[in-house]
Amino acid sequence: MWHRTLIYTFLIFLLLHFIAQTSLAQTNATNRDSILHEYIENYKGLVTFKMSLGSKEGGIDLENTSRYKIRSNNKTKLNAGINYRWLAFSLTFAPNLLNENVDNNIKGETKSFGFGLSSNFHHIIQKINYSRVKGFYLDNTDAFDPTWKAGDPYIHLPGLIFRSFSGQTAYKFNDNFSFNAINSQTERQVKSAGTFLPSVSYEHFVVKDPTPLPGQTSSQKSKTLEVVFSPGYYYTLVTPSHLYASAGVSPGIGFSRTKLLTRESSGDAGTIYRQTICQVKSILTFGYDSRRFFTGIQITTGAYSYSHSNSDYAILPQRGSGSLFIGYRFNAPKKLTAAMDKAEKLAAGKLQELKEKVQQ
């Protein structure tokens, strides 16, 4: 299946990437130390714990014979992450902290969960993410129920599931710029710097619901693969008082392929839709960063244009988020340090054995 193929691809790439970068780190350690000392403070011996509370647009716009504005009922989400050296891991869930997350009588109940894994080395940045959301409502209920008015319950879609596997591979050109300083906080930018940061992002998401949408007589399941290339640029401005501001913009172009399965009483029918994607994404970060404590806000926006081969069907996922984050760095436990050192040494040894076999 597509999602299994993507997971295996991501994991294999991550393993090979780790082995290659570990070897590179050992051979170029002297040069990198001088660069990091001048522009970047590296917290290799510290574990970074980070919590963020954010609002993210959760849902999709579906263009069929009608337009469906499908939204989730948990825009506010909590993310907890642990970052150490080159590895970062995070969990995302939606607690019932605010009223907008508990008005189930109006918008229905939404359950969501996600996790992320990233490896941030000196030049190459690799991310993978998984998310699953179940339970949505129809934001434009008035288009299907003329008697609906503000305050009335929306049309609920409790069985609709949105599941996504996504990843991003990026390359940082400037040694003096730290992407980790604005992403995983395992480093701190001590002098202002910018970099050209091209990337390739890819996402495979599934939308399925066993019941038909309003105005439809059949239920549908779709599988979409998106690949986008973005030649981005990022810049971080720092001050002597540990305040910083970082901005990045990434115009992109790519393609999307959707396989739609329509379930009808007469049988299932499959259709393929292809689209060209044009997008512009931006990210703004403002924060305070000392050796132990850091905090800030981050805003991500995006403008997207989909040109599809068949105007009767298109899935347009909603994107854009804002978050408030806070974190603390503490000394890494000795067992964790020893395990990481052992893993890096083992990877470097295996790579050296592979090189020797190839040269024979």
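Calculation rules
- Residues numbered from 1 in each chain as written.
- Predicted model: local features only at pLDDT ≥ 70, side-chain atom pairs only at ≥ 80, totals over all residues.
- Heavy atoms only, no water.
- Helix = DSSP H or I, 4+ residues; strand = E, 2+ residues; numbered from the N terminus.
- Buried < 20%, exposed > 50% of the residue type's maximum accessible area, 1.4 Å probe, protein only.
- Contact = heavy atoms within 4.5 Å.
- Areas by Shrake-Rupley, 256 points an atom, 1.4 Å probe, with all protein chains shown as cover.
- Core = buried A, V, L, I, M, F, W, Y, C linked by side-chain atoms within 4.5 Å.
- Patch = residues over 30% accessible without salt bridge, like charges linked within 9 Å, V, L, I, M, F, W, Y side chains within 5 Å.
- Salt bridge = Lys/Arg side-chain N within 4 Å of Asp/Glu carboxyl O.
- Lys, Arg positive; Asp, Glu negative; His and termini not counted.
- Polar contact = N/O pair within 3.5 Å; in protein donor to acceptor, adjacent residues only side chain to side chain.
- Phe/Tyr/Trp six-rings, centres within 6.5 Å; stacked < 30°, edge-to-face > 60°.
- Lys NZ or Arg CZ within 6 Å of the ring centre and 35° of its normal.

(A) Highlighting the overall build of the chain. Across its full length, the chain holds five helices and 17 strands. A buried classification covers 43% of the 360 residues belonging to the chain. For the chain, long-range pairs separated by at least 24 residues make up 71% of all intrachain contacts whose partners lie at least 6 apart in sequence. Accessible surface for the chain amounts to roughly 18400 Å². Of this, 59% is attributable to carbon and sulfur atoms.

(B) Broad picture of the environment of Ser-55. Mapped onto the elements of the fold, Ser-55 is located in strand β2 (residues 46-56). As for Ser-55 and Ile-299, which are separated by 244 residues in sequence, their C-alpha atoms are 9.7 Å apart.

(C) Molecular detail of unusual backbone geometry. The phi dihedral of Gln-185 is positive, around 60°, even though this residue is not glycine. Within the secondary structure, Gln-185 sits in the loop between α4 (180-183) and β10 (187-189). Residue Gln-185 is classed as buried on the basis of its relative accessible area of 0%. Here the phi dihedral of His-242 falls at roughly 75°; this positive angle occurs in a residue that is not glycine.

(D) Local environment of the nonpolar core. Counting 15 residues, the largest nonpolar core has Ile-125, Phe-177, Phe-179, Ile-182, Leu-197, Tyr-234 and Tyr-244 as its most contacted members. For this core, the secondary-structure elements that each account for two or more residues are β11 (193-208) and β12 (219-238). Those residues within four positions of Phe-177 in sequence are excluded, and the remaining contacts are Ile-40, Lys-172, Ile-182, Gln-189, Ala-193, Gly-194, Thr-195, Tyr-234, Tyr-235 and Thr-236. Grouped together as the second largest cluster of nonpolar side chains are 13 residues, Ile-60, Val-133, Leu-157 and Phe-205 included.

(E) A look at a nonpolar patch on the surface. Residues Phe-49, Ile-82, Leu-243, Tyr-288, Phe-293, Ile-326, Tyr-328 and Phe-330 make up a contiguous nonpolar surface patch of roughly 680 Å² in combined accessible area. Per-element accounting of the nonpolar patch gives the leading share, three residues, to strand β17 (residues 321-331). Mapping Phe-49 onto the fold places it in strand β2.

(F) Local environment of the side chain of Glu-187. Assignment of secondary structure puts Glu-187 in strand β10. Within the buried core, Glu-187 has no salt-bridge partner, and the shortest N-O distance to an opposite charge, that of Lys-172, equals 5.6 Å. Among the polar contacts made by the side chain of Glu-187, one reaches the side chain of Ser-178 at a distance of 2.6 Å. What Glu-187 contacts, discounting residues up to four positions off in sequence, is Ile-40, Glu-41, Asn-42, Tyr-43, Ser-178, Asn-180, Ala-181, Asp-289 and Arg-329.

(G) Quick look at the packing of aromatic side chains. Counted by the stated rule, this structure contains twelve aromatic pairs. Between Tyr-130 and Phe-165, the aromatic rings sit 4.9 Å apart at their centres with planes inclined by 45°, giving tilted as the arrangement. Within this pair, whereas Tyr-130 is found in strand β8 (residues 124-138), its partner Phe-165 is found in strand β9 (residues 155-171), the two being separated by 35 residues in sequence. Residue Tyr-130 shares its accessibility class with Phe-165, and that shared class is buried. Among the aromatic residues, those joined into a ring-pair cluster are Phe-89, Phe-115, Tyr-130 and Phe-165. Positioned above the aromatic ring of Phe-325 is the side chain of Lys-50, whose terminal nitrogen or guanidinium carbon lies 4.9 Å from the ring centre. Positioned above the aromatic ring of Tyr-39, the side-chain terminus of Lys-191 is 4.6 Å from the ring centre.

(H) Region of interest: the environment of Ile-40. With respect to the element layout, Ile-40 can be found in strand β1 (residues 40-42). Note on Ile-40: relative accessible area 3%, which makes it buried. Separated by 138 residues in sequence, Ile-40 and Ser-178 place their C-alpha atoms 6.7 Å apart.

(I) Inspection of the pattern of salt bridges at higher detail. Enumeration according to the criterion identifies six salt bridges in this entry. Between Lys-191 and Glu-38 there is a salt bridge, and its shortest N-O distance comes to 3.4 Å. Of this pair, Lys-191 sits in the loop between β10 and β11 while Glu-38 sits in helix α2 (residues 29-39); the two residues are 153 residues apart in sequence, bridging distant segments of the chain. The exposure class assigned to Lys-191 is partly exposed, which follows from its relative accessible area of 35%. By relative accessible area, which is 42% here, Glu-38 ends up partly exposed. One salt bridge connects Asp-152 with Lys-149, and the closest N-O pair in it is separated by 3.5 Å.

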